[in-house]
Amino acid sequence: MTPPPSSSSDGQPLVQVQDLKKYFPITRGIVIQRVVGAVKAVDGVTFDIMPGETVGMVGESGCGKTTVGRTMLALYPATEGKVIIDGHLVHAARGAELMAIRRKAQMIFQDPFASLNPRWTVNAIVGEPLRVHNLCPDQKSRDERVKELLQLVGLSPRHVNRFPHEFSGGQRQRIGVARALASNPKFIVCDEPISALDVSIQAQVVNLLEDLQDRLGLTYLFIAHDLSMVRHICDRVIVMYLGVMVEMGDRDELYDNPLHPYAQSLLSAVPIPDPRKERQRKRIILTGDVPSPINPPSGCRFHPRCPIVQPHCSQIRPVWREVRPGHWVACHEVEPKYVPPQ
Amino acid sequence: MTTLLDVNNLRVRFHTPEGTVHAVNGVSWTVSEGETLAVVGESGCGKSVTMLSILGLIPVPPGEIVSGAATYRGADLITMPEEAIEDIRGKDISMIFQDPMTSLNPVLTIGRQITESLRVHMGMDDQQARERAQTLLEWVGIPDAGARLGDYPHQFSGGMRQRVMIAIALACAPSLLIADEPTTALDVTIQAQIVELVQRMREQMGMAIVWITHDLGVVAGLADRVIVMYAGYIVEEADVHTLYGNPRHPYTLALLAALPRVDARRERLKAIPGAPPNLLVVPPGCPFAARCDFVTERCWAENPTLTPVDDGMGEHRIACWVDVRNGGLR
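Residues numbered from 1 in each chain as written. Chains lettered and ligands numbered in written order. Predicted model: local features only at pLDDT ≥ 70, side-chain atom pairs only at ≥ 80, totals over all residues.

Draft legend 1. Representation of the overall build of chain A in the model. A count of helical and extended segments in chain A gives ten helices and twelve strands. For chain A, whose C-alpha radius of gyration is 21 Å, the value lies close to the compact-globule estimate of 20 Å for 342 residues. The buried share among the 342 residues of chain A stands at 46%. In chain A, 62% of the contacts between residues at least 6 apart in sequence involve partners at least 24 apart. (Helix = DSSP H or I, 4+ residues; strand = E, 2+ residues; numbered from the N terminus. Rg over C-alpha atoms; globule rule 2.2 N^0.38 Å. Buried ≥ 20, exposed ≤ 12 C-beta atoms within 10 Å, placed from the backbone. Contact = placed C-beta atoms within 7 Å.)

Draft legend 2. Expanded view of the interface of chain A and chain B. Facing 37 residues of chain A, the contacting portion of chain B comprises 38 residues. Where the side of chain A that touches chain B is concerned, the elements lending two or more residues are α6 (199-216), α7 (227-233), α8 (251-256), α9 (261-269) and α10 (275-280) of chain A. Element by element, the count of residues in the side of chain A that touches chain B is highest for α6(A), at seven residues. In the side of chain A that touches chain B, the residues fall into 17 nonpolar, ten polar and ten charged. (Nonpolar A, V, L, I, M, F, W, Y, C, P; charged D, E, K, R; others polar.)

Draft legend 3. Broad picture of the environment of Met245(A). Residue and element names in this part refer to chain A. In this fold, Met-245 is placed in strand β10 (residues 244-250). Sequence-wise, Met-245 and Ser-115 are 130 residues apart; in three dimensions their C-alpha atoms are separated by 28 Å. Those residues in contact with Met-245 that lie beyond four places of it in its chain are Val-45, Ile-238, Met-240, Trp-320 and Ala-330.

Draft legend 4. Molecular detail of unusual backbone geometry. Cis rather than trans, the peptide bond between Glu335(A) and Pro336(A) has omega equal to -10 degrees. Positionally, Pro336(A) belongs in the segment after β12 (327-329). Note the cis peptide between Pro61(B) and Pro62(B), where omega equals 5 degrees. Within the chain, Leu242(A) stands out as a residue other than glycine whose phi angle is a positive 50 degrees. When you line up the elements, Leu242(A) lands in the loop between β9 (236-241) and β10. The exposure class of Leu242(A) is buried, given the 23 C-beta atoms found within 10 Å. Residues other than glycine seldom take positive phi values, yet Glu181(B) does so here, at roughly 50 degrees. Within the secondary structure layout, Glu181(B) lies in the loop between β7 (176-180) and α8 (188-205). On the basis of neighbour counts, which here come to 19 C-beta atoms within 10 Å, the residue Glu181(B) falls in the partly exposed class.

Draft legend 5. Layout of the pairing of strand β10 (residues 233-239) of chain B. Residue and element names in this part refer to chain B. Within β10, six of the seven residues are buried, which leaves the element mostly enclosed by the surrounding structure. The loop that links strand β9 (residues 225-230) with its antiparallel partner β10 comprises two residues; one of these, Ala-231, has a positive phi angle of about 50 degrees. Relative to strand β12 (residues 317-318), β10 is paired through two bridges, and the arrangement is antiparallel. Along β12, the bridge assignment pairs Glu-237 with Arg-317. (Pairing = 2+ DSSP bridges.)

Draft legend 6. Expanded view of the packing of helix α4 (residues 110-122) of chain B against helix α7 (residues 158-170) of chain B. All names here are of chain B. Contact geometry for α4 and α7: axes closest at 8 Å, N-to-C directions at 25 degrees. As the angle between them shows, α4 and α7 are arranged roughly parallel. Where α4 approaches α7, its residues Ile-110, Gln-113, Ile-114 and Ser-117 are matched on the opposing element by Val-164, Ala-167 and Ile-168. Per-class residue counts for the contact of α4 with α7 are five nonpolar, two polar and no charged. (Axes fitted to C-alpha atoms, helices over the stretch in contact; angles between N-to-C directions. Parallel < 35°, antiparallel > 145°, perpendicular 65-115°, else oblique.)

Geometry only, nothing functional implied.
Given below as structure tokens:
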């Protein structure tokens, strides 16, 4: 089974994210481009991930969860803040150090159709990290390792010479997992790894990810919008809204006792496959859509949609604070209320 | 309740370069006036093709409706001439689709798209149609409706576009609304908004709804009756409480066991092994046999037909040889 959720104090975290910001510039003009604004996709995010832990990151489309994952692995340069993975400062790393980070931290992508090169065989796809990082001395040992990896993810080693189109969606996602595992990583960012799959296949892939974590001691950041699946797989959960974290806590604590009005409404919106329960539930239905991250609302970013909004919410940005051990929230109205230090 | 639409033994095939795809293999179901029927299944199970065939919306060729009838208020939609079905489609029976971006015309204002069916089906003039369109937009919860009639689809968010689609579908007060995965592309908070909107519309207008989805969670809160489809067959049919409380087909059982729950945590999900079958080949036996926990000799040889389960739950039917409660044959 997965290791127990680790609280803040014991041990050294494998991954540290400190005040990470990622702005995408908006430009005008064709030849001479001027920067006229910025999409503040991620606007100050701080969290740790302990070794062997699975941290879930949830929120609506456009909340910045995918950008956090990508920026953490230096697929985007960070605008501000730092990310430390296994002792390496990710955005300062160059050359051999960057290669070492890339070997230790891998990614599984959402779309198993777009993330595999259709002209490459499975052998070439899964063998690429081995080639890039020089992990196998020769062709023969590389072929052996690819077969081993395919077996590890539940595919037949006989399929090494097939192309991605010869596989179903679930099998393709397994190929993506095998590729991510090829370099023996410690940390994997799973960016919506199951949302493109059918219900009957989702459980297969999730069980595979859990088994691999047990066998290989992996650490996951699991980015998803399926809150039921996040409760299933994660030890700790972060709720994001419009580029900032609004709540973080241990899985059962957060799901059974969400504090932030956004987390409450998000959880109340998830349907439960039980007609009796489902028909008795009280839903907090949010009005409107997520505002634009170009001009995020002032104060608390959730205030225009918040069911318990107060006058000061539009002026003062709520403090990110620990209200119970391991349970963090950014909301003025959550008890006990924040008292500024004198 | 009076039967509104009666689909009988519908078979649909597609002739493709790879061979003949047996998309729908003899399905029969009915929906009554004012009833909400959910059709549940994974991609490729034939749930959308069934609906599109009924409305004459599958391209022929490559599609072919091999057999079947769809009786709507006494007339068969399948054999009906094109002009006659055009009068029904969008007026008496309307449809909303999964992706509101591709099902709205990007170069026409939404006012134009809502008023189209009002002008065509209800014979309204421009002024009347415009007023009605504004009322409809207000109904479906679009703020500042009058001003937004002149906007184009790209100026709306995903959830707002789906509201526009619903306004178009409800413009002529249909007796049947077919909703084909209308919330699949949306976030859960927006999904909750749309489900609530459709429920409110149903209360106000009293239309019947056929809701196609793969999400057993949404169905639990919405449907009166549920049909589960697999590989072009109906494998189980029951009222919503029976289906969740007393499922009898191994596929339904497996789907429910594979779902994680937001209200409680399971130690491990029970995955369904393998993948849905290739519809190019019709197996002699049950299409689910290869993935089934309860498979017997007979399942490989003969495909079971949909027969009633005698559990005193009324219209509970399954297509299975096995009694899942004791593992023996039924």
